[in-house]
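This is what each chain is made of:
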Amino acid sequence: MSVRSEALQWAQRICARTNPEPHQLLEIPADAGMEEAQEAFHKAARILHPDLHRTTLTPEDLEVVTTAYAKVAGAYQEFRSQRMTTTRMRPMHIGPTAAPAPRPIAPPTDGPIPTRTTPIPKSAHVVPETTPSAASSAMSSKALIYYRKAELALRRGDLRGAMLQLKMAIGADPASTFLRSALGEVEAEVAKQLK
Amino acid sequence: MSVALGIDLGTTNSVAAIATSTGVEFILGPRGDRVHPSVVAFPSSGGVVVGADAKRYRLTEPQHVIHSAKRFIGQNIRSPLVQLAMTGVRYKLVEGPNQQPIVVVRDRKMTMPEISSNVLLHLKRSAERQLGQPVKEAVITVPANFTDGQRQATKEAGRLAGLDVMRLINEPTAAALAHGFGRDRQELVCVFDFGGGTFDVSILRINNEMFEVLASDGDFFLGGDDLDRALAEVLAADFTRQLRVDPRPHAALMMKLMMGAEAIKCHLSENDAAEGEIDGLDLPGGVSGKLPFSVTRKQFEDLVGGYTQRTIEVTRQVMAAAGVSPRDIGDVLCVGGSTRIPVIRRKLAEVFGREPNHTINPDEVVAQGAAIQAGSLTATLSAGTGMGARDAVATAGHSSLATGNRTLPMGVAKRPVLLDVNPATLAVHTAGGFTERLLDKNAPIPIERTRVFTTARDNQQRVEIDCCRGENRKYVENEPLGTLVLEDLPAKARGDLKIEVSFRVDADGILHVRALDQQSGVRQEAHLQVLGAPSTSDSAAGAE
């Protein structure tokens with residue numbers, strides 16, 4: 001089979017999926033690791049990347065291949081951010097809220113009445129929601145606010161931001177050993193990255 | 001047969017090249033130089049002059065000489081950084097439609113894409129003369145941190161110059177491509193791109209023909225011009241002390257001092273001290289004055305220390321974002337004229353524990369990469385291009401490659417695959433003033449993601465989707481990009497309506513937003529009308 005028709009068939013298969021999970025677009029198992037995801041993405045890039053087909057496909061077929069490749073790239077981003085969230089959140093021992101970032105298909109929850117007519121993502125209220133956890137009992141309420149900000153920073157992958165917020169939290173509640181150990185873990189992570 | 005040009009459209013200088021079967025051939029200026037100043041003059045004698053010839057008018061009529069257009073293209077004129085940059089130019093800029101900057105020369109008004117199109121047209125015509133073939137297609141490079149509006153405006157400039165802009169690629173990526181194409185290597189490279197007006201750092205993983213950007217960041221308003229200005233301010237203070245006239249309100253005097261500062265800066269890259277005098281300074285009252293100066297390299301390094309430190313900080317941040325450490329980096333590529341400054345190379349050597357690569361030509365490597373990508377997109381690359389391009393890199397500064405060999409068949413090269421990244425996080429405004437991120441900074445492009453949103457109130461028939469760029473969770477802290485409106489939605493209880501919002505960033509780094517009501521099929525699609533960008537007529541919106 002020529003590279004051209006392989007690419008087109010692959011692209012049509014991807015575009016035919018409705019509401020796919022990231023691992024389905026990457027065509028890897030749901031419990032696959034980062035290496036597998038990266039390999040799948042690189043394979044897609046080598047075969048599907050629209051630049052390789054610019055001179056050989058019709059504009060319509062090129063659009064199909066471009067859309068498919070863009071969706072695979074989007075899936076790779078989503079997969080990567082989910083994995084980074086879970087692996088970085090786990091050492092913080094914070095119970096149920098440490099689950100992967102909420103997905104847009106999560107059931108809608110009631111939120112505050114918005115002041116303007118913008119759409120609410122169904123997950124918007126899930127993220128900042130405070131559920132009883134080890135964290136809330138381990139520090140003062142003011143420190144908890146900083147701790148939540150640190151959590152959000154971690155979800156963004158912003159380790160330095162998380163460190164800063166944790167330090168603010170310790171400033172608000174210097175007695176909390178929980179916060180100190182959390183800071184230690186983030187600092188270790190930063191040191192590991194700098195190495 | 002037409003050829004596809006690779007163009008490095010720079011703040012101060014531009015370079016154009018084409019891929020040949022034996023390497024990369026540069027387009028030469030009237031005096032045989034590869035570097036074309038990005039300067040457009042509208043002299044009193046009439047006509048439009050571009051390039052080296054236009055630079056001559058800087059002294060006689062600075063208000064008619066448009067330079068550094070790249071600092072303003074696709075920018076919102078109300079942005080504080082743009083206002084600051086405006087103090088550094090002697091031509092007149094006013095606010096035009098959609099808050100875009102408009103150049104006023106005598107009674108003529110021109111948009112920034114129109115100005116830049118003159119530079120591109122000059123390169124296109126020079127290429128056609130040199131190659132004896134029409135040039136219709138081009139790949140143009142842009143700084144990695146260029147925004148959507150800046151990218152759209154650059155494409156518009158190409159279109160106005162009669163070029164089909166096949167692709168915009170990021171300058172650091174182009175440099176890595178020129179460095180790694182045809183080498184069959186696996187390594188991590190850091191591209192440090194410090195040019196006349198912009199600063200970028202990218203970390204790339206090169207795996208044979210695949211060039212994957214892992215992370216990229218930079219500072220759009222930081223370049224060699226800033227170093228010149230810092231030095232010119234010192235010269236202006238000396239001037240006031242010695243000649244008892246403050247030169248700052250006088251455009252022509254300041255231009256002379258800026259040019260003097262640039263010459264001193266370049267001299268200090270080769271020597272430990274610069275001494276001499278700037279003459280031909282026409283003082284008010286018709287007398288001509290001289291300003292003696294004496295600057296050591298150490299003094300200059302102290303003066304610009306804040307700027308150089310900033311570039312090193314950004315480099316460390318980008319490495320952290322890419323998840324790599326300095327020891328993993330196999331090669332450090334210096335791009336842009338400002339990397340000739342010894343203190344920059346010294347600091348990079350400190351960070352990486354190794355000297356930056358000396359073999360690449362910082363002025364030409366980006367255009368080389370653009371030419372290779374142009375050849376790749378038109379499927380005209382041959383195996384010889386990579387080898388020849390590298391020889392050209394190694395011998396950069398010598399004569400251009402012979403044009404006669406262009407038709408020699410050298411076998412087909414493996415086409416490079418560029419995996420570039422999205423320069424900034426893109427998100428939508430949600431209830432409560434927060435944002436919901438759709439596309440992350442440093443995600444590979446082209447990329448598409450769709451999320452399902454719902455309405456916040458009962459019987460809500462109209463939904464506004466405000467799009468923004470930036471990392472902050474709070475909408476107001478980010479840069480607004482534009483708004484998409486969905487109207488005439490069926491009356492439903494809140495939460496029952498399902499609205500699909502798709503963000504796609506294309507291979508040029510330009511955002512396209514689509515919104516769709518899943519049940520009724522009310523669809524809105526738009527290229528966001530970004531503030532500061534030229535108005536586009538191709539934004540489509542309508543119900544199906």
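The preceding data block contains the structure.
Conventions and cut-offs
Residues numbered from 1 in each chain as written. Chains lettered and ligands numbered in written order. Predicted model: local features only at pLDDT ≥ 70, side-chain atom pairs only at ≥ 80, totals over all residues. Heavy atoms only, no water. Helix = DSSP H or I, 4+ residues; strand = E, 2+ residues; numbered from the N terminus. Buried < 20%, exposed > 50% of the residue type's maximum accessible area, 1.4 Å probe, protein only. Contact = heavy atoms within 4.5 Å. Areas by Shrake-Rupley, 256 points an atom, 1.4 Å probe, with all protein chains shown as cover. Pairing = 2+ DSSP bridges. Axes fitted to C-alpha atoms, helices over the stretch in contact; angles between N-to-C directions. 1 Å grid on protein atoms, 1.4 Å probe; cavity = no way out; pocket = protein on both sides within 12 Å on 5 of 7 lines; lining within 4 Å. Points joined across faces, edges and corners; volume = space filled by probe spheres on them. Domains from an automatic or database assignment. Buried area = accessible area lost by both parts, 1.4 Å probe. Salt bridge = Lys/Arg side-chain N within 4 Å of Asp/Glu carboxyl O. Parallel < 35°, antiparallel > 145°, perpendicular 65-115°, else oblique. Left-handed = near helix turned anticlockwise from the far one by under 90°. Nonpolar A, V, L, I, M, F, W, Y, C, P; charged D, E, K, R; others polar. Expected span 1.5 Å × (residues − 1).

### Description of the overall build of chain B
For step 1, the next point in the chain: Within chain B, the secondary structure is distributed over 13 helices and 27 strands.
For step 2, the next point in the chain: With 544 residues in all, chain B has 61% of them scored as buried.
For step 3, the next point in the chain: Within chain B, residue pairs in contact and separated by at least 24 positions form 65% of the contacts whose partners lie at least 6 positions apart.
For step 4, the next point in the chain: Accessible surface computed for chain B: about 20,600 Å², of which carbon and sulfur atoms make up 49%.

### Here we look at the sheet that holds strand 9 (residues 101-105) of chain B
Residue and element names in this part refer to chain B.
For step 1, the next point in the chain: If you trace the 3 strands from one edge of the open sheet to the other, you get 8-9-10, paired in antiparallel fashion. Sheet topology places strand 8 (92-95) and strand 10 (108-111) at the edges, where each strand pairs with a single neighbour. Mean inter-strand twist for the sheet, computed between neighbouring axes without regard to direction, equals 35°.
For step 2, the next point in the chain: Across 4 bridges, the pairing between strand 9 and strand 10 is antiparallel.

### As for the environment of Arg180(A)
Residues and elements named next belong to chain A.
For step 1, the next point in the chain: Here Arg 180 is to be found in helix 8 (residues 177-194).
For step 2, the next point in the chain: Along the primary structure Arg 180 and Ile 170 are separated by 10 residues, whereas in three dimensions their C-alpha atoms are 7.1 Å apart.
For step 3, the next point in the chain: Leave out the neighbours within four places in its chain, and Arg 180 touches Ile 170 and Pro 174.

### A look at the layout of surface pockets
Residues and elements named next belong to chain B.
For step 1, the next point in the chain: Approximately 1,200 Å³ is the volume found for the second largest pocket.
For step 2, the next point in the chain: It is helix 8 (residues 251-270) that provides the largest number of residues to the lining of the second largest pocket, a total of 9 residues.
For step 3, the next point in the chain: Among the domains, domain 1 (3-183 + 360-414) and domain 2 (224-305) are the pair contributing at least three residues each to the lining of the second largest pocket.

### Topic: the sheet that holds strand 24 (residues 479-486) of chain B
Residues and elements named next belong to chain B.
For step 1, the next point in the chain: In space, the 4 strands of this open sheet follow the order 21-20-23-24, with antiparallel pairing throughout. Single-partner strands in this sheet number two, and they are strand 21 (434-439) and strand 24. Strand-to-strand twist across the sheet, computed as the mean angle between neighbouring axes with direction ignored, equals 30°.
For step 2, the next point in the chain: Bridge count for strand 20 (residues 426-430) against strand 21 is 5 bridges, and the pairing is antiparallel. Within the sheet, the bridge partner assigned to Thr 430 lies in strand 21 and is Phe 434.

### What to know about the interface of chain B and chain A
For step 1, the next point in the chain: Counting residues at the interface gives 56 residues for chain B and 43 residues for chain A.
For step 2, the next point in the chain: Buried surface at the junction of chain B and chain A, summed over both partners, amounts to about 4,400 Å²; 52% is from carbon and sulfur atoms.
For step 3, the next point in the chain: Three residues stand out in chain B for area buried against chain A, namely Pro446(B), Arg473(B) and Arg504(B), and they jointly supply 11% of the buried area on that side.
For step 4, the next point in the chain: Counting every contact that joins chain B to chain A gives 5 salt bridges.
For step 5, the next point in the chain: The shortest N-O distance in the salt bridge between Glu63(A) and Arg504(B) comes to 3.4 Å.

### Remarks on the environment of Ala16(A)
For step 1, the next point in the chain: When you line up the elements, Ala16(A) lands in helix 1 (residues 3-16).
For step 2, the next point in the chain: Sequence separation between Ala16(A) and Ala68(A) is 52 residues; the distance between their C-alpha atoms is 9.5 Å.

### Some remarks on the packing of helix 4 (residues 112-131) of chain B against helix 5 (residues 148-160) of chain B
Residue and element names in this part refer to chain B.
For step 1, the next point in the chain: Packing of helix 4 against helix 5 brings their axes to within 8 Å, and their N-to-C directions diverge by 55°. Relative to helix 5, the element helix 4 lies oblique. Our pair here, helix 4 against helix 5, has a crossing hand that is right-handed. Residues Pro 113, Glu 114, Ser 116, Ser 117 and Leu 120 of helix 4 touch helix 5, and the partners they reach there are Ala 153, Glu 156, Ala 157, Gly 158 and Leu 160.
For step 2, the next point in the chain: Grouping the amino acids of the contact of helix 4 with helix 5 by side-chain chemistry returns 5 nonpolar, 3 polar and 2 charged.

### Here we look at helix 3 (residues 34-48) of chain A
Since one α-helical turn is 3.6 residues long, residues separated by three or four positions face the same way.
For step 1, the next point in the chain: The end-to-end C-alpha separation of helix 3 of chain A is 20 Å, in line with the 21 Å expected for 15 residues at 1.5 Å each.
For step 2, the next point in the chain: Within the sequence span of helix 3 of chain A, burial applies to Ala37(A), Ala40(A), Phe41(A), His42(A), Ala44(A), Ala45(A), Ile47(A) and Leu48(A).

### Thoughts on helix 4 of chain B
Residue and element names in this part refer to chain B.
For step 1, the next point in the chain: Taking 1.5 Å per residue as the helical rise, helix 4 with its 20 residues ought to reach 28 Å, and the 29 Å between its terminal C-alpha atoms agrees with that figure.
For step 2, the next point in the chain: Counting buried positions along helix 4 yields 14 of 20 residues, so the element is predominantly enclosed.
For step 3, the next point in the chain: Once helix 4 ends, the next one or two residues include Gly 132, with phi positive near 65°.

### Description of the environment of Thr12(B)
Residues and elements named next belong to chain B.
For step 1, the next point in the chain: Residue placement: Thr 12 occurs in the loop between strand 1 (3-9) and strand 2 (13-20).
For step 2, the next point in the chain: Thr 12 sits in the partly exposed class, given a relative accessible area of 33%.
For step 3, the next point in the chain: Along the backbone, Thr 12 and Gly 197 are 185 residues apart, and their C-alpha atoms lie at a distance of 7.4 Å.
For step 4, the next point in the chain: Among all residues touching Thr 12, those that are not within four sequence positions of it are His 36, Pro 37, Ser 38, Gly 196 and Asp 225.

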